[in-house]
Amino acid sequence: HERVLFERILEKLTAAPLESQGLLVPMVIDPPGAGHATLLARGADLTRFGFELEDFGGSSVRVSAVPALLAPADIDRTLRALADDLEHIDRGLVAEQALKQIAATMACHAAVRAHDPLTREKMSHILDELRATAYSTVCPHGRPVMFRLSRRDLERRFERI
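Thresholds, definitions, all that
- Here the residue numbers are simple positions, counted from 1 along each chain's written sequence.
- Totals for whole chains, interfaces and linings use every residue, but because this is a predicted model, local features are given only for residues with pLDDT of at least 70 and side-chain atom pairs only at 80 or more, for both listing and counting.
- To obtain the side-chain values, all non-hydrogen atoms of the structure were used and water was disregarded.
- Per the convention used, a helix needs a DSSP run of H or I reaching at least four residues, while a strand needs a run of E reaching at least two, with both numbered from the N terminus.
- When checking whether two residues touch, look at their non-hydrogen atoms; a contact exists if any pair is within 4.5 Å.
- Per-residue and other accessible areas were derived by the Shrake-Rupley procedure at a 1.4 Å probe size, with only the shown protein chains allowed to occlude residues.
- Here Asp and Glu are counted as negative and Lys and Arg as positive; His is not counted, and neither are the chain ends.
- One atom stands in for each charge, and that atom is NZ of Lys, CZ of Arg, CG of Asp or CD of Glu.
- A score from 0 to 100, pLDDT tells how confident the predictor is in each residue.
- Classification of residues uses two cut-offs on accessible area relative to the type maximum, computed with a 1.4 Å probe and protein chains only: under 20% is buried, over 50% is exposed, and between them is partly exposed.
- Paired strands are those between which DSSP finds at least two bridges.
- Buried residues of nine kinds, namely Ala, Val, Leu, Ile, Met, Phe, Trp, Tyr and Cys, make up a nonpolar core once their side-chain atoms join them within 4.5 Å.
- Angles shown run from 0 to 180 degrees and are taken between the N-to-C directions of axes, each axis being a line fitted to C-alpha atoms and, for helices, limited to the stretch in contact.
- Detection works on a 1 Å grid of protein atoms alone, calling trapped sets that fit a 1.4 Å probe cavities and calling open sets with protein on both sides within 12 Å along at least five of seven lines pockets, with lining residues defined by an atom within 4 Å of a point.
- Grid points are joined across faces, edges and corners, and a volume is the space filled by probe spheres set on the points.
- By the convention adopted, Pro, Cys, Tyr, Trp, Phe, Met, Ile, Leu, Val and Ala count as nonpolar, Lys, Arg, Asp and Glu as charged, and the other residues, Gly among them, as polar.

## Describing the overall build of the protein
For the protein, the count of helices and strands is seven helices and three strands. Listing every helix and strand of the protein by position from the N terminus yields α-β-α-α-β-β-α-α-α-α. Taken over the C-alpha atoms alone, the protein extends approximately 65 × 35 × 30 Å along its principal axes. Nonlocal contacts in the protein, meaning residues at least 24 apart in sequence, comprise 70% of its contacts between residues at least 6 apart. For the protein, the exposed surface amounts to about 10100 Å²; the carbon and sulfur share of it is 53%. Side-chain charges of the protein comprise 21 positive and 23 negative groups, with the mean position of each set lying 9 Å from the other.

## Observations regarding the confidence of the model for the protein
Summing up the model confidence of the protein, the mean pLDDT is 84 and the portion of residues at 70 or higher is 94%. Predicted confidence in the protein is weakest over helix H5 (residues 95–110), with a mean pLDDT of 77, and strongest over strand E2 (residues 52–55), with 93.

## Digging into the environment of Arg42
Relative to the helices and strands, Arg42 is located in the loop between helix H2 (35–41) and helix H3 (43–48). When its relative accessible area of 16% is taken as the criterion, Arg42 is described as buried. Each C-alpha atom, one on Arg42 and one on Ala83, is 9.2 Å from the other, the two residues being 41 residues apart in sequence.

## Side note on the pairing of E2
Two elements, E2 and strand E3 (residues 61–67), share four bridges in a ladder whose sense is antiparallel. Looking at the pairing, Leu53 lines up with Val63 of E3. In this structure, the hairpin formed by E2 and E3 is closed by a connection of five residues, where Gly57 is found at a positive phi of approximately 90°.

## A short note on the nonpolar core
Of all hydrophobic cores here, the largest spans 28 residues; its most connected members are Ile9, Leu39, Phe49, Phe51, Leu79, Leu82 and Met106. Secondary structure elements with two or more residues in this core: helix H1 (2–15), E3, helix H4 (75–88) and H5. Take this core: its biggest share by element is seven residues, from H5. Setting aside its immediate chain neighbours within four residues, Leu79 contacts Ile29, Leu39, Phe51, Leu53 and Val63.

## Quick look at the sheet that holds E2
Each strand in a sheet pairs with another by means of backbone hydrogen bonds, the pair being arranged parallel or else antiparallel. Strand order in the open sheet made by the three strands is E1-E3-E2, with antiparallel pairing throughout. Each edge of the sheet is formed by a strand with only one pairing partner; in this case those strands are strand E1 (20–29) and E2. Pairs of neighbouring strands in the sheet enclose a mean axial angle of 15°, with direction left out of account.

## Things to note about the layout of surface pockets
Its boundaries defined by the atoms lining it, the largest pocket holds a volume of some 430 Å³. Elements with a contribution of two residues or more to the lining of the largest pocket: H1 and helix H6 (120–131). Looking at the lining of the largest pocket residue by residue, the classes come out as 13 nonpolar, one polar and four charged.

Written as structure tokens, this is what we have:
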């Protein structure tokens, strides 16, 4: 699901900024370390992803809008992860690479998690969309999302050979 969301985010970004959802009550977060400065420095990039951020004094950042695909419970965690990711990447990173990093982090935090209940239809839908992606065997961070087991591998695991 993470790979599917990543591809969708990048596809939408080529057409226009991602859909944004304004918050009725803005959030205030205090990212650790240099996260405050990092988020504000990448404000233009984050705006393309649907975030509206502004300095709120001290180390606080006021969040007044978030990407529509992001669940409300994931906002704080996603912004902290974004701040951390962007803080630790090369300062000379070109905008395109930074956007891919932001897209990868957003996809990671918006994706279905292990043990989330899914209907059979939702599972099929995710797998159909995964097959349509260019790099369906790895997540945006490069970790495998599937692997192939041969019949021989299965027989070996069940001690049949």
